[in-house]
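Each chain is listed here by its residues.
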Amino acid sequence: MTYYRKVGEVPRKRHLRFVPEGTESFGSEELMGTHGFSQSSSLLYHRYSPSAIVSAEPVDDNRPELVADAPLLPRHLRTGELPRGGDVVNGRQVLMGNDDVAIAFVAADADSSLYRNAIGDELVYVQSGRGRLESVFGTLDVAAGDYVVIPMSTTVRWVVTAGPLEALVLESAGHLNPPQRYLNDRGQFVEGSPYSERDLRGPNEVLVVADDEETDVLVRHRGGLTRYRYAHHPFDVIGWDGTLYPFALSIHDFEPIVGAIHQPPPVHQTFEGPSLVVCSFVPRPFDFYPGAIKVPYHHANVDSDEVLFYSAGNFMSRGNSGIGVGSISMHPAGFVHGPQPGSLERAIDADRTEELAVMIDTFHRLKLTETARAIAAPEYAWTWAASTNR
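Residues numbered from 1 in each chain as written. Predicted model: local features only at pLDDT ≥ 70, side-chain atom pairs only at ≥ 80, totals over all residues. Heavy atoms only, no water.

Asks: Honestly, a negative patch on the surface in this entry has me stumped. Any pointers?
Replies: There is a patch of like negative charges on the surface, built from Asp211, Asp212, Glu213 and Glu214. Secondary-structure assignment places Asp212 in the loop between β13 (200-201) and β14 (215-221). (Patch = residues over 30% accessible without salt bridge, like charges linked within 9 Å, V, L, I, M, F, W, Y side chains within 5 Å. Areas by Shrake-Rupley, 256 points an atom, 1.4 Å probe, with all protein chains shown as cover. Salt bridge = Lys/Arg side-chain N within 4 Å of Asp/Glu carboxyl O. Lys, Arg positive; Asp, Glu negative; His and termini not counted. Charge placed at Lys NZ, Arg CZ, Asp CG, Glu CD. Helix = DSSP H or I, 4+ residues; strand = E, 2+ residues; numbered from the N terminus.)

So, in structure tokens, the structure goes:
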């Protein structure tokens, strides 16, 4: 849920004829809306028709096949072993997914071409480097620690300004929003939410200017990939207004909710989507009730698969498991997981966590790609058995 904004030249009333400055013909109005235009939407004002395509061709989708996690095992994926290079769109290495989501990692060193995901919203967590998201809504500068939410069907281009730009990428099959419990019935963040409107950064006030020429846009859709050639560059927007646009939220602006006794994962929730949630683990005081278990107790994921991306810091509960910065763990439903041996003892005298991590819980079973299996640590599943107390 983002708040209302108005950028550039916008007519006084909606759905009126307008002539862009410097032209002699009417411009084109584009209503970009969600849920049958009954929820968030924005109106964009183009110099030319955003429907004017001159060619279209299918593009091979070379993504690896998703296969069942069998035998059912917890996994430790080492992203440092993935191929590096390419751009934020075509350089993505898909690791796991299902009908609701695809989870990928990328270490980009090049700028992307124009791209549009027409299947669902995208969430990009920037691990390192800096970049610029250019879109029909303007320019959004991003850096390490930023979540970047890109609404479905937004035409974008990723520019690497300091690389490599490493990022965890979540492609949803629907829309991503703040948890409903953080919002009142008017859509405003309520008191007690771990972040608010002030923490959200939208595109700047300067719209992207591009030469008027035929331009290609790669579109991901339910049938695969198509490359459109447009008669005019899509970045011909002279103004827009509404509540639907890309935005960024820094994980460092997430305000942790703590308690005397260990709090359950929902207190860390940051976004929700169709059959998935995203949580942020940030430095915070440890649980302070006398005798409290300061690391997560053993728990069974009865409804969800749990994916954790370890971004920075010291991960107390994963000690001696091989998990480190850049690791991804996947603990599937059906596997009871908890702190590694010795974690509870190491945390007894600690008073603050030092971890920075992103968690994705999916409510339908995740499948893996061969890319994921190739970077999986073979010994991870057996690290809990290293305890002398077994």
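Asks: Is there a simple way to explain the sheet that holds strand β19 (residues 276-281) in this structure?
Replies: Hydrogen bonding along the main chain pairs the strands of a sheet, whether they run parallel or antiparallel. The antiparallel open sheet is built from six strands, whose spatial order is β5-β22-β21-β24-β19-β18. Where the open sheet ends on each side, the last strands, each with one partner, are β5 (75-78) and β18 (269-273). Geometrically, the sheet is characterised by an average inter-axis angle of 15° between neighbouring strands, direction not taken into account. Of the pairings in the sheet, the one linking β18 to β19 comprises four bridges and is antiparallel in character. Residue pairing in the sheet places Phe271 in a bridge with Val278 of β19. (Pairing = 2+ DSSP bridges. Axes fitted to C-alpha atoms, helices over the stretch in contact; angles between N-to-C directions.)

Asks: Honestly, the pattern of salt bridges in this entry has me stumped. Any pointers?
Replies: Opposite charge on two side chains makes pairing possible when the charged atoms of those side chains draw close. A complete count under the given rule lists 16 salt bridges for this structure. Between Arg227 and Glu57 there is a salt bridge, with the nearest N and O atoms lying 3.2 Å from each other. Here the residue Arg227 occupies a position in strand β15 (residues 224-230), and Glu57 occupies one in strand β4 (residues 53-59), the gap between them amounting to 170 residues. Here Glu134 ties to Arg132 by a salt bridge, and the two come within 3.1 Å at their closest N and O atoms. Judged by its relative accessible area of 25%, Arg132 is partly exposed. (Buried < 20%, exposed > 50% of the residue type's maximum accessible area, 1.4 Å probe, protein only.)

Asks: Teacher, can you tell me more about the sheet that holds strand β2 (residues 28-33) here?
Replies: Taken together, four strands build an open sheet; the order of strands is β1-β16-β3-β2 and the sheet is antiparallel. Single-partner strands in this sheet number two, and they are β1 (5-8) and β2. For this sheet, the mean angle separating the axes of adjacent strands, direction not counted, is 15°. In terms of strand pairing, strand β3 (residues 41-46) meets strand β16 (residues 237-242) through five bridges, oriented antiparallel. Residue pairing in the sheet places His46 in a bridge with Val237 of β16.

Asks: Even after reading the chapter, I still don't get unusual backbone geometry, so can you show me in this structure?
Replies: Apart from glycine, the bulk of residues carry a negative phi angle, and the bulk of peptide bonds sit in the trans form. The amide bond that connects Ala70 to the next residue, Pro71, takes the cis arrangement and shows omega of 0°. Along the chain, the position of Pro71 falls in the loop between β4 and β5. The backbone of His15 sits at a positive phi, close to 60°, despite the residue not being glycine. Looking at the element boundaries, His15 is found in the loop between β1 and β2. Located in the positive-phi region is Phe37, a residue other than glycine, with phi close to 65°. Topologically, Phe37 is positioned in the loop between β2 and β3.

Asks: Would you explain the environment of Leu77 in this entry?
Replies: Here Leu77 is to be found in strand β5. Its relative accessible area of 1% is what places Leu77 among the buried residues. Separated by 134 residues in sequence, Leu77 and Asp211 place their C-alpha atoms 43 Å apart. Leaving out residues up to four positions away in the same chain, Leu77 has contacts with Leu95, Met96, Gly326, Ser327, Ile328, Ala372, Ile375 and Ala376. (Contact = heavy atoms within 4.5 Å.)

Asks: Sorry, what's going on with the side chain of Ser193 here?
Replies: Inspection of the secondary structure puts Ser193 in the loop between β12 (156-172) and β13. Accessibility expressed as a relative area gives 10% for Ser193, which makes it buried. Reaching out from Ser193, the side chain makes a polar contact with the backbone oxygen of Val190 at a distance of 2.9 Å. (Polar contact = N/O pair within 3.5 Å; in protein donor to acceptor, adjacent residues only side chain to side chain.)

Asks: What should I look at first to understand the nonpolar core in this one?
Replies: Nonpolar side chains tend to gather and get buried jointly when the protein is soluble and globular. Leu95, Met96, Tyr147, Phe271 and Val278 are the most contacted members of the largest nonpolar core, which has 56 residues in total. Apart from residues no more than four positions distant in its own chain, Leu95 is found in contact with Leu77, Leu82, Ile103, Ala104, Phe105, Ile328, Lys367, Leu368, Thr369, Thr371, Ala372 and Ile375. (Core = buried A, V, L, I, M, F, W, Y, C linked by side-chain atoms within 4.5 Å.)

Purely geometric stuff here, so don't read any function into it on its own.
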